[in-house]
Amino acid sequence: MVMTCSDTIKERRSIRRYKPEKIPLEDIYEIMEAARRAPTDAALHLWTAVWVRDPQAKKKLAEAIGQRHIEEASDFFVYIADLYRLERLLAYRGDTLGDVDLALLVFAAIDAGIAAENMALAAVEKGYGTCFIGGVQNAVEQVIQQLRLPRHTYPLFGLTIGVPAEDPPPRPRLPLHMLFHSEQYHNYTVLDLYEAYQEMAPITRRGDYYRLLRRYVAKGGYFEERNSEMPEVLEKMGFLLNLKH
Ligand SMILES: Cc1cc2nc3c(=O)[nH]c(=O)nc-3n(C[C@H](O)[C@H](O)[C@H](O)COP(=O)(O)O)c2cc1C
């Protein structure tokens, strides 16, 4: 049966358990091709991905990042904000790259996210499972070192691809009216907020979406921790964030 685009979108869910089977290379190249066809701001291609297939290299990354599914998956792609390639292209014609600033970083992250989702959907269409790995930020310096990333690059997130060994139910999402505003941004009513927790309850075994939100985004949560390292590493990689001004 041929899957339509919307079938594929509905079918996709994060897969964190994989069979120890390698994906045939011809499938991998087709999946990569889906990323290559993604839209890219001004045709700049602000992204790169490092394809990690070697079991030892995957194991090392899985241990550094602390997520076993990276090791179990057939392939792991680390998506990179890549201004180095542009620097080289400009230099080839005798020019100099401008400041590698926040605007370039943001647009590189947008380009990379779109390319990776194209890739994930192409993989699902072929019957494979995928999982995005923001946990790359937990070990960003080791990742930079292992992948030998040059200046003006930064690893944004990873994507595992493999033969699924689980079939989890689809995870819930916030109601449509909380994700889309009509014409202008509207504020949320108490009922909206209540409804959001009701809809999202099945996200954890305990039915507790609040616990998840606290762990990630409340004071002292993961994101504060990530943010305490990210600017420093970005500056080391040659990004000019001007955050102190
Ligand atoms: C940017 C991003 C980072 C993520 N990081 C991780 C991660 O480090 N580890 C993981 O197991 N899942 C990760 N996920 C998967 C999310 O947890 C998952 O997409 C979400 O819970 C919704 O579930 P679904 O993908 O099955 O619909 C990430 C997803 C995104 C988009």
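Worth saying up front: this structure is predicted, and the values here are computed from it rather than measured.

Calculation criteria
- Residues numbered from 1 in each chain as written.
- Predicted model: local features only at pLDDT ≥ 70, side-chain atom pairs only at ≥ 80, totals over all residues.
- Heavy atoms only, no water.
- Helix = DSSP H or I, 4+ residues; strand = E, 2+ residues; numbered from the N terminus.
- Rg over C-alpha atoms; globule rule 2.2 N^0.38 Å.
- Buried < 20%, exposed > 50% of the residue type's maximum accessible area, 1.4 Å probe, protein only.
- Contact = heavy atoms within 4.5 Å.
- Areas by Shrake-Rupley, 256 points an atom, 1.4 Å probe, with all protein chains shown as cover.
- Pairing = 2+ DSSP bridges.
- Axes fitted to C-alpha atoms, helices over the stretch in contact; angles between N-to-C directions.
- Patch = residues over 30% accessible without salt bridge, like charges linked within 9 Å, V, L, I, M, F, W, Y side chains within 5 Å.
- Salt bridge = Lys/Arg side-chain N within 4 Å of Asp/Glu carboxyl O.
- Near = heavy atom within 4 Å.
- Polar contact = N/O pair within 3.5 Å; in protein donor to acceptor, adjacent residues only side chain to side chain.
- Core = buried A, V, L, I, M, F, W, Y, C linked by side-chain atoms within 4.5 Å.

J.: How should the overall build of the protein chain be read in this particular structure?
T.: Each helix and strand counted, the protein chain has 11 helices and 4 strands in total. Taking 245 residues into account, the globule formula puts the C-alpha radius of gyration at 18 Å, and the protein chain, at 19 Å, falls close to it. Within the protein chain, the fraction of its 245 residues that count as buried is 38%. Across the protein chain, every contact between residues at least 6 apart in sequence was considered, and the portion connecting residues at least 24 apart equals 78%. On the protein chain, roughly 15200 Å² of surface is accessible, and the fraction owed to carbon and sulfur atoms is 54%.

J.: Explain the sheet that holds strand E4 (residues 153-162) here, please?
T.: Read from one edge of the open sheet, 4 strands run E1-E2-E4-E3, paired in antiparallel fashion. A single partner strand is all that each edge strand has here, and the edge strands are strand E1 (47-52) and strand E3 (129-133). Put simply, the sheet's adjacent strands are angled 25° from each other on average, direction ignored. With 6 bridges connecting them, E1 and strand E2 (residues 75-82) associate as antiparallel partners. Residue pairing in the sheet places Thr48 in a bridge with Ile80 of E2. Each of E1, E2, E3 and E4 touches helix H6 (residues 102-125); the most contacted strand, E4, lies at about 10° to it.

J.: Explain unusual backbone geometry to me, please; I cannot follow it from the model alone.
T.: A negative phi angle is the norm for most residues apart from glycine, just as the trans form is the norm for most peptide bonds. Backbone geometry places Ala42, a non-glycine residue, at a positive phi of 55°. Mapped onto the fold, Ala42 is located in the loop between helix H2 (25-36) and E1. Residue His152 is not a glycine yet carries a positive backbone phi of 65°. You can see His152 is positioned in the loop between helix H7 (140-146) and E4.

J.: Is there a simple way to think about a nonpolar patch on the surface in this case?
T.: Together, Leu102, Val106, Phe107, Ile110 and Ile114 give the surface a local cluster of nonpolar side chains, amounting to about 390 Å² of exposed area. By the secondary structure assignment, Ile110 is in helix H6. Residue class for Ile110 comes out partly exposed when judged on its relative accessible area of 40%.

J.: Which parts of the structure should I look at to understand the site of the ligand?
T.: Residues in contact with the ligand amount to 13 residues; listed here are only the nearest, Ser14, Arg16, Gln67, Gly134 and Arg171. One nitrogen or oxygen atom from the side chain of Arg12 is found 3.0 Å from an oxygen atom belonging to the ligand. Phe132 places a main-chain nitrogen or oxygen 3.2 Å from a nitrogen atom of the ligand. Ranked by the residues each element gives to the shell around the ligand, the list is headed by E3, at 3 residues.

J.: Hey, could you run me through the nonpolar core in this one?
T.: One recurring pattern in soluble globular proteins: nonpolar side chains tend to sit buried together. Residues Leu61, Ile65, Phe76, Tyr79, Met119, Ile161 and Phe239 are the most contacted members of the largest nonpolar core, which totals 57 residues. Take this core: its biggest share by element is 9 residues, from H6. Here Met119 is in contact with Ile31, Met32, Ala34, Ala35, Phe77, Tyr79, Leu159 and Ile161, once residues within four sequence places are set aside.

Don't take any of this as a statement about function, it's just geometry.
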